[in-house]
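Report on the structure
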Amino acid sequence: MKTRIKELRKANKLSQEELADAVGTTRQTITSIEVGKYTASLPLAYKIARYFELSIEEVFDFSDME
Amino acid sequence: MQEYRQKLKKEIIFNAIGAALLLAVQTLAWLGIIRPVAAGERFGDYWNGFIAGLGFGIMALMLIGIIIDARALKNEQRLRKLYIKWSDERGRAICDKARSTAANIFLLAMLPITVIGGYFSVTAFFSLLAAELLMAVTTNICKLYYKKTM
């Protein structure tokens, strides 16, 4: 699944480690989500979207699921 | 986090009991009060050493576990790091997937091995068959449980 996490992270000058720490996960998980290897669970997707003050749809691209 | 703190405390108790038990067994073996079954046979000494080494290895792992957990309980930052590592959803998904894939491979691979084993040893055949049946029954019990709870 495509996401805007990397773009949002760069815009907010955040490292993967910092984002991971803020949402309570590991850096490796953030990396995997960013490159599309792993799809975040709904609670984690919510935490990430909430961290950037956006909705889940604004961070995660669901177009390939339609 | 409080729940995880309790989990670590239980883990420390479990590891301490396990390490104490292993130490007691090792001491009894060292004093010659108990001996592994193969002792006295051709490879008795080798077997004694192997069992003792295995026991000390497991004991060392338990002691390391106690140290890691105790240090985390004393330091909030360490506790959070350990908690994140433990609760990380990707890590858990990897473990679950690895376990289920390994179990499937094991079950499939064991079938021909069991049949071939039957030509060489009746004990090996029935041991392998029992292990496979136990695995299959346990898997189905877990399936029923998760069907009801998920």
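In what follows, the structure referred to is the one given above.
The following paragraphs examine the structure supplied in this document. All of these numbers come straight from a predicted model, not from anything done at the bench.

The subject of this paragraph is the overall build of chain A. A tally of regular secondary structure across chain A gives five helices and zero strands. The order of helices and strands in chain A, counted from the N terminus, is α-α-α-α-α. Relative to the compact-globule value of 11 Å for 66 residues, chain A shows a C-alpha radius of gyration of 11 Å, a close match. Considered along the principal axes of its C-alpha atoms, chain A spans approximately 30 × 20 × 20 Å. The 66 residues of chain A split such that 38% are buried. Of the contacts made within chain A by residues no fewer than 6 positions apart, 53% connect residues no fewer than 24 positions apart. In the form shown here, chain A has an accessible surface area of approximately 4200 Å², with 50% of it arising from carbon and sulfur atoms. With 10 positive and 11 negative side-chain charges, chain A shows a spacing of 6 Å between the two charge centroids.

Let's shift gears to the overall build of chain B. For chain B, the helix and strand inventory stands at five helices and zero strands. N-terminal to C-terminal, the α/β element order of chain B is α-α-α-α-α. Computed over its C-alpha atoms, the radius of gyration of chain B comes to 21 Å, more than 25% above the 15 Å expected for a compact globule of 150 residues. Across its three principal axes, chain B shows a C-alpha extent of roughly 60 × 50 × 20 Å. When the 150 residues of chain B are sorted by exposure, 17% land in the buried category. Of the contacts made within chain B by residues no fewer than 6 positions apart, 62% connect residues no fewer than 24 positions apart. Side chains of chain B carry 19 positive and 10 negative charges; the gap between the two charge centres is 4 Å.

This part is about a nonpolar patch on the surface. All names here are of chain B. Residues Val37, Tyr46, Trp47, Phe50, Ile51, Leu54 and Ile58 make up a contiguous nonpolar surface patch of about 710 Å² in total accessible area. Following the sequence through the fold, isoleucine 51 ends up in helix H2 (residues 44–74). Judged by relative accessible area, isoleucine 51 falls into the partly exposed class, the value being 32%.

A word on the interface of chain A and chain B. Accessible area lost upon the coming together of the parts is a frequently used measure of interface size. Contacts between chain A and chain B engage twelve residues on the former and seven residues on the latter. When the buried surface of chain A facing chain B is broken down by residue, A:Asp21, A:Thr26 and A:Tyr38 rank first, second and third, together holding 46% of it. Joining chain A to chain B, the criterion identifies one salt bridge. Between B:Arg80 and A:Asp21 there is a salt bridge whose closest N-O contact spans 3.6 Å. Looking at the side of chain A that touches chain B, the element that brings in the most residues is helix H3 (residues 27–34) of chain A, giving three residues. Its residues assigned to classes, the side of chain A that touches chain B shows three nonpolar, eight polar and one charged.

Backbone geometry places A:Lys13, a non-glycine residue, at a positive phi of 50°. Following the sequence through the fold, A:Lys13 ends up in the loop between helix H1 (5–11) and helix H2 (16–23).

What follows concerns the nonpolar core. Residue and element names in this part refer to chain A. In this structure, Ile5, Leu19, Ile33, Ile48, Val59 and Phe60 are the most contacted members of the largest nonpolar core, which totals 18 residues. Those elements giving two or more residues to this core turn out to be H1, H2, H3, helix H4 (42–51) and helix H5 (56–59). For this core, the element with the most residues is H4, which contributes four residues. Those residues within four positions of leucine 19 in sequence are excluded, and the remaining contacts are Ile5, Arg9, Leu14, Ile30, Tyr51 and Phe52.

What counts, and where the lines are drawn
- Residues numbered from 1 in each chain as written.
- Chains lettered and ligands numbered in written order.
- Predicted model: local features only at pLDDT ≥ 70, side-chain atom pairs only at ≥ 80, totals over all residues.
- Heavy atoms only, no water.
- Helix = DSSP H or I, 4+ residues; strand = E, 2+ residues; numbered from the N terminus.
- Rg over C-alpha atoms; globule rule 2.2 N^0.38 Å.
- Buried < 20%, exposed > 50% of the residue type's maximum accessible area, 1.4 Å probe, protein only.
- Contact = heavy atoms within 4.5 Å.
- Areas by Shrake-Rupley, 256 points an atom, 1.4 Å probe, with all protein chains shown as cover.
- Lys, Arg positive; Asp, Glu negative; His and termini not counted.
- Charge placed at Lys NZ, Arg CZ, Asp CG, Glu CD.
- Patch = residues over 30% accessible without salt bridge, like charges linked within 9 Å, V, L, I, M, F, W, Y side chains within 5 Å.
- Salt bridge = Lys/Arg side-chain N within 4 Å of Asp/Glu carboxyl O.
- Buried area = accessible area lost by both parts, 1.4 Å probe.
- Nonpolar A, V, L, I, M, F, W, Y, C, P; charged D, E, K, R; others polar.
- Core = buried A, V, L, I, M, F, W, Y, C linked by side-chain atoms within 4.5 Å.

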